[in-house]
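Each chain, written out:
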Amino acid sequence: MATSFQSIPEPDPQSGAEDKQRRLDAARHDPQGTNLTTNQGVRVDHTDDSLTVGERGPTLLEDFHAREKIMHFDHERIPERVVHARGSGAYGYFQPYDDSLAEFTVARFLADPSVQTPVFVRFSTVAGFKGSADTVRDVRGFATKFYTTQGNYDLVGNNFPVFFIHDGIKFPDFVHAVKPEPESAIPQAQSAHDTLWDFVSLQPEAQHAIMWLMSDRAIPRSYRMMQGFGVHTFRLVGADGRGTFVKFHWTPVLGTHSLQWDEAQKIQGKDPDFNRRDLWEAIEKGAFPEYELGVQLVPEADEHRFDFDLLDATKIIPEEEVPVQPVGKMVLNRNPDNFFAETEQVAFHTANVVPGIDFTNDPLLQARNFSYLDTQLNRFGSANFHHLPVNRAVTEVSNNQRDGFMQMQIHQGRAPYHKNTLQGGCPAIADSEVFRHYQERVDGEKIRKRSPSFQEYHSQATLFWNSMAGWEREHIVAAYRFELNKCDHMHVREQQVEQLNHIDHDLAVAVAEGVGVTPPSGTPTPNHGRTSPALSQVNTLYGSVASRKIAILVADGVDPVAAELAEALGARGALPELLAPTAGSVRGSHDADVPVDRAINSMASVVYDAVIVPGGTGSVATLGQDGYAVHFVAEAIKHAKAVGALGAGTGLVARAAAGSARVEVDGDRVVEDLGVVSAPGATGSVPEEFVESFCTALGRHRAWERRTDAVPA
Ligand code: HDD
C-alpha cells in the first residue's frame, strides 16, 4: 500500500473537470417554476382523477393523460445488472502528479500534469440484487469512467487485486454458484451457501480470491476507505509503439479500513444503505473522497521473470517485487442529480480504451471485452446507450453508425458510409491522436487448453495468509467457519478444508475444528513462509479522524462538557452527534438546554465509529436505566471501537466494558487502555489530553487487540 499523496498541480483551465458538468447541463431538467404537462407539453389542470362517465362510472379510453402516465410508469424499470446490481456513484476528477508516465504512454490524462480529467465512479457489491444491503461479505466493484480528451477510458476494477477464475468462460458458472440458489432464491447477497462453496472447492484457482473474500477486505467500512485494482495486467503504449505491462492500483487517502463481521451483519438491518449513505453524505459535507492512482510497471522483456503468469488474473505482483509508483490523484466531489439517469444508466466497458492503453491476452479480460458491450444491449434494449448523458464522451463522436431504438442524434448529410465523395469524405480518417493497436506477434494451434503457467493455485493464497496480523487471521478463520457452517452438505465443507490444506495446514485444522469435519487427511502442501507486508491492513494509513462518526450519549442532567466535546471533535474534522433517549434537547446540569441531533433508539452504535458517554449523575443514571443506551455502549466495546467516558460516564462504560479494557472511575487522570479513554475527573470542561487521546484511538480505527468475546452485545 505504498503511497505518497502529493498535491496535484494547478490544472490548465481549458482541460477542466467541469467540462463534463457543463455538458450535462443540456440534459438537466429542473422542475422549479414549471407547470405540469403531458409528454407533448400540453398543460393539464387535473392529475388526481381519471376521466370517467359521471362521478362513479367507468374510465374513458380517451383519457390520454391517465393512459400516458400509467404507460410510462409501467415501463419505468430496466433490467438490473446481472452482477454488480447494487451500486452508488459520484463525479469527480483525476489529475496526474507529473509527467513520469509520458515515456510509457501517449494517454494524455495519465501523463500530462496540466490535464484534469472528469470522472464518474460507480462502487458496487457483486452478488446482491439492486435492493440488497450494502455491508454484505462480497467483493466491491470500483469502476471509473474517465472522460478524456482522447475519448472515454473505463477502468472497471474491484477492491480485490485478484479474481476467482482465470478464464471468462467460467464466469457464468461462478456467478450461478454465488447467486441465490435457483429453487428457493435464497440466500440474498451471501456467499455463505452450498453452491458457492461447492463451486470454489472444486476450482482451486478460486482459492486465492476466496482468501480475500474471507478477509476483512470483503466488508469495507466505507467506499472511501477501500483500495481499488484494475486486476488484469494491461499494457501502456508509448509514442514509439513500445509496450509496458501495467497493473493499476487505487489507494484511499483515508486508509483501507474494515468493519467487523458481527457489526456488518447488524448494519444490514439498521441501515441497509450504509455505504451508499456514507459516500453521499461525505460528498454533501465537503469531505471529498480521494484516491491515489499507482502503477506497477513491468518491461515487456521481463514478462516471464515471475513464478506466476502475468496474464493470470488470480495472481498479484507482490508490491515488494515491483513497487507501486504513485501517478496522480482522483477526487470525488459531486453527487449525481438523479440516481437512475446517472448511476443506473452508466455503462462501463473494459474495451473502452484510449490511445496509450491496450489489452493483454489475459483470457479473463478477453472475455470481459465481449461481455460488457453485450450486457448493455440487454439493459438498455438499444445500441444507442452511448447517447445517455452520463455515457457521452466529452470529445466529438462522429461515425457512420445510424438509427436504432432511441436514436438521439439528427445526423445530417446523405453519405453515411466510408469511403464517400458526397460528404467530402467525412467523417475522415485522422492522421494523429488515433488509437493504434499494440502490434504483437501471435501464432499457435487452435486449442482449448490452459497454459501450465496458470496451473499453480495455492501459493499466493498462502502468501496472503502469511502476511496477515494475528487479528486478521482470527477474522479469516471465523469467516471460513461462519460460511462453511451455513453449508448443509458436509462433503462440501470437507472439500473446502482439503483445499485449505494446500494453503496452510494449521488454517485447515482450525477451520475443520469449527465446522465439524475431521481435519484433512491428505499430505499438506508445505507453507513456503514468504510474506508480502503490503497485504496487511496493519500497514495501511492510520491517524486521520476526518469524517469519522461519533455518538455522544446524553440525557437530562448531562455535564456541560457534552457540547464542548462535540465542538472540539468537529474542529478536527470528525462528525460528532449528540444522541438522547428522546429527540429535541436535554436540560444540562448547568441549567441550560443542550440541543440533541438524534434519538438513541432511532440509531445504533454500529453506524458510528466511536461512542462517548459524558458525565452528569442524572444523565448517566437515566442512560444506565435505558437498556438500549447500555447496549449501545456495550456493542461499541464489542466491536473494538474507540469509546470515551468522562465524569460519571466512566461508571457506565466500565460496566459495558465487562473487563475487556481498563476504565478509570476515580481520580483526575486521563487513561487510555485498548482504545477506551476515561477521564473520571472531567466534569466542568473537557481536558485537551482527553481529546488528544480519544482522537489517537479513533485514528487507529479499531483496537483489534481488545478481547471482547465475553462482552454480551
Ligand atoms: Fe465484471 C459488471 C468488475 C470479471 C461481466 N464488473 C462489472 C462491474 C464491475 C466489474 C466493477 C460493475 C460496473 C458498473 O458499475 O456498472 N468484472 C469486474 C472485475 C472482473 C470482472 C474486476 C475481473 C477482473 N465481469 C467479469 C467477467 C465477466 C464480467 C469475467 C464476463 C465474462 N461484469 C460483467 C457484466 C457486467 C459486469 C455482465 C454486469 C453489468 C455490466 O457489466 O455493465 O458484463
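Residues numbered from 1 in each chain as written. Predicted model: local features only at pLDDT ≥ 70, side-chain atom pairs only at ≥ 80, totals over all residues. Heavy atoms only, no water.

Basically, it comes down to this: UniProt positions are given in the numbering used here, feature names are shortened, and annotations may be inferred rather than shown by experiment.
Taking an unreviewed UniProt entry as the reference, the chain is identified by name as Catalase belonging to Pseudonocardia ammonioxydans. Turning to the chain, the UniProt record has this under Function (unreviewed entry): "Decomposes hydrogen peroxide into water and oxygen; serves to protect cells from the toxic effects of hydrogen peroxide." We quote the UniProt Catalytic activity (unreviewed entry) comment for the chain here in full: "2 H2O2 = O2 + 2 H2O".

### Considering the site of the ligand
Worth spelling out the cut-off: Nearness of a residue to a molecule or strand requires only that one of the residue's heavy atoms be within 4 Å of it. Under this definition, polar contacts are N or O atom pairs within 3.5 Å; protein pairs additionally need one hydrogen-donor-capable and one acceptor-capable atom, and for neighbouring residues in sequence, both atoms have to be side-chain atoms. Numbered from the N terminus, helices here are DSSP runs of H or I no shorter than four residues, and strands are runs of E no shorter than two.
Neighbouring the ligand are 23 residues, the closest being Arg81, Arg122, Arg368, Tyr372 and Gln376. Arg368 places a side-chain nitrogen or oxygen 3.2 Å from a nitrogen atom of the ligand. Gln376 is positioned such that a nitrogen or oxygen atom in its side chain is 2.9 Å from an oxygen atom of the ligand. Taken together, the elements giving at least two residues each to the shell around the ligand come down to strand 3 (140-148), strand 4 (151-158) and helix 10 (363-380). The biggest single contributor to the shell around the ligand is helix 10, with 7 residues.

### Considerations on the UniProt feature "active site" (unreviewed entry) in the chain
For the record, the criterion: Contacts between residues were defined by any pair of non-hydrogen atoms, one from each residue, lying within 4.5 Å. Relative accessibility thresholds used throughout: buried, under 20% of the residue-type maximum; exposed, over 50%; partly exposed, between the two (1.4 Å probe, protein chains only).
Per the UniProt record, the feature "active site" (unreviewed entry) sits at His84 and Asn158. Across 75 residues in sequence, these annotated residues keep their C-alpha atoms within 10.5 Å of one another, forming a single compact spot. As for its placement among the helices and strands, His84 is situated in the loop between helix 2 (64-74) and strand 1 (87-96). Not counting residues up to four positions away in its chain, the partners in contact with His84 are Arg122, Ser124, Thr125, Val126, Gly141 and Asn158. Structurally, Asn158 can be placed in strand 4. Exposure remark for Asn158: the relative accessible area of 9% places this residue in the buried category. Those residues in contact with Asn158, other than ones at most four positions away along the chain, are His84, Val139, Arg140, Gly141, Phe142, Phe163, Gln227, Gly228, Phe229 and Val231.

### Concerning the pattern of salt bridges
Selection criterion: The term salt bridge refers to a side-chain nitrogen of Lys or Arg lying within 4 Å of a carboxyl oxygen of Asp or Glu.
Counted according to the given criterion, the structure contains 40 salt bridges. Salt-bridge contacts for Arg242 lead to Asp240; the nearest nitrogen and oxygen are separated by 3.6 Å. Look at Asp240 and you get exposed, because its relative accessible area is 58%. Between Arg707 and Glu474 there is a salt bridge whose closest N-O contact spans 3.3 Å. Within this pair, whereas Arg707 is found in the segment after helix 19 (688-699), its partner Glu474 is found in helix 12 (residues 470-485), the two being separated by 233 residues in sequence. Salt bridges here are not isolated pairs; linked through shared partners, they connect Arg221, Arg224, Asp278, Arg548 and Asp609.

### Quick notes on the pairing of strand 7 (residues 243-252)
To be explicit about the condition: Strands were regarded as paired on the criterion that DSSP finds at least two bridges between them.
Most of strand 7 sits out of view: 10 of its 10 residues are buried. What you see with strand 7 is no split at all: Gly243, Phe245, Lys247, His249 and Thr251 on one side and Thr244, Val246, Phe248, Trp250 and Pro252 on the other are buried throughout. Inspection of the sheet shows strand 5 (residues 228-229) paired to strand 7 by 2 bridges, in the antiparallel sense. The partner of Gly228 across the bridge, within strand 7, is Trp250. Pairing geometry for strand 6 (residues 234-237) and strand 7, over 4 bridges, is antiparallel. Residue pairing for strand 7: Arg235 is matched across the bridge by Phe245. From the end of strand 6 to the start of strand 7, which pair antiparallel, there are 5 residues, and Gly241 there has a positive phi angle of about 85°. Where strand 7 lies against strand 8 (residues 290-299), 9 bridges are found, and the strand directions are antiparallel. Each residue of the ladder has a partner; that of Lys247, found in strand 8, is Gln296.

### Quick notes on the UniProt feature "domain: Catalase core" (unreviewed entry) in the chain
In the numbering used here, UniProt assigns the feature "domain: Catalase core" (unreviewed entry) to residues 37-426. Between the end C-alpha atoms of residues 37-426 the distance is 41 Å, and the span holds 22% helix and 19% strand.

### Notes on the environment of Lys285
Relative to the elements of secondary structure, Lys285 occurs in the loop between helix 8 (274-284) and strand 8. The exposed category is assigned to Lys285, whose relative accessible area is 53%.

### Details of the coordination of the iron atom of the ligand
Applied cut-off: Metal-coordinating donors are taken as N, O and S atoms lying within 2.8 Å of the metal, or within 3.2 Å when the metal is Na, K or Ca; because water is left out, some sites can appear incomplete.
No protein donor other than Tyr372 (OH) coordinates the iron atom of the ligand, and that contact is at 1.8 Å. Locating Tyr372 in the fold gives a position in helix 10.

### Section: the sheet that holds strand 12 (residues 575-580)
The cut-off we apply is this: Interaxial angles span 0 to 180 degrees and are taken between N-to-C directions of axes, which are lines fitted to C-alpha atoms, for helices over the stretch in contact.
Taking strand neighbours across the sheet as the criterion, the 7 strands line up as 15-12-11-16-17-19-18 in an open arrangement whose pairing is mixed. Looking at strand neighbours, the two that pair on one side only are strand 15 (598-599) and strand 18 (671-673), the edges of this open sheet. The pairing of strand 17 (residues 642-646) with strand 19 (residues 676-679) spans 4 bridges and is parallel. Paired with Leu646 across the bridge in strand 19 is Ala679. Sitting on the sheet, helix 18 (residues 649-657) touches strand 16 (610-613), strand 17 and strand 19, and the angle it makes with strand 17 is about 140°.

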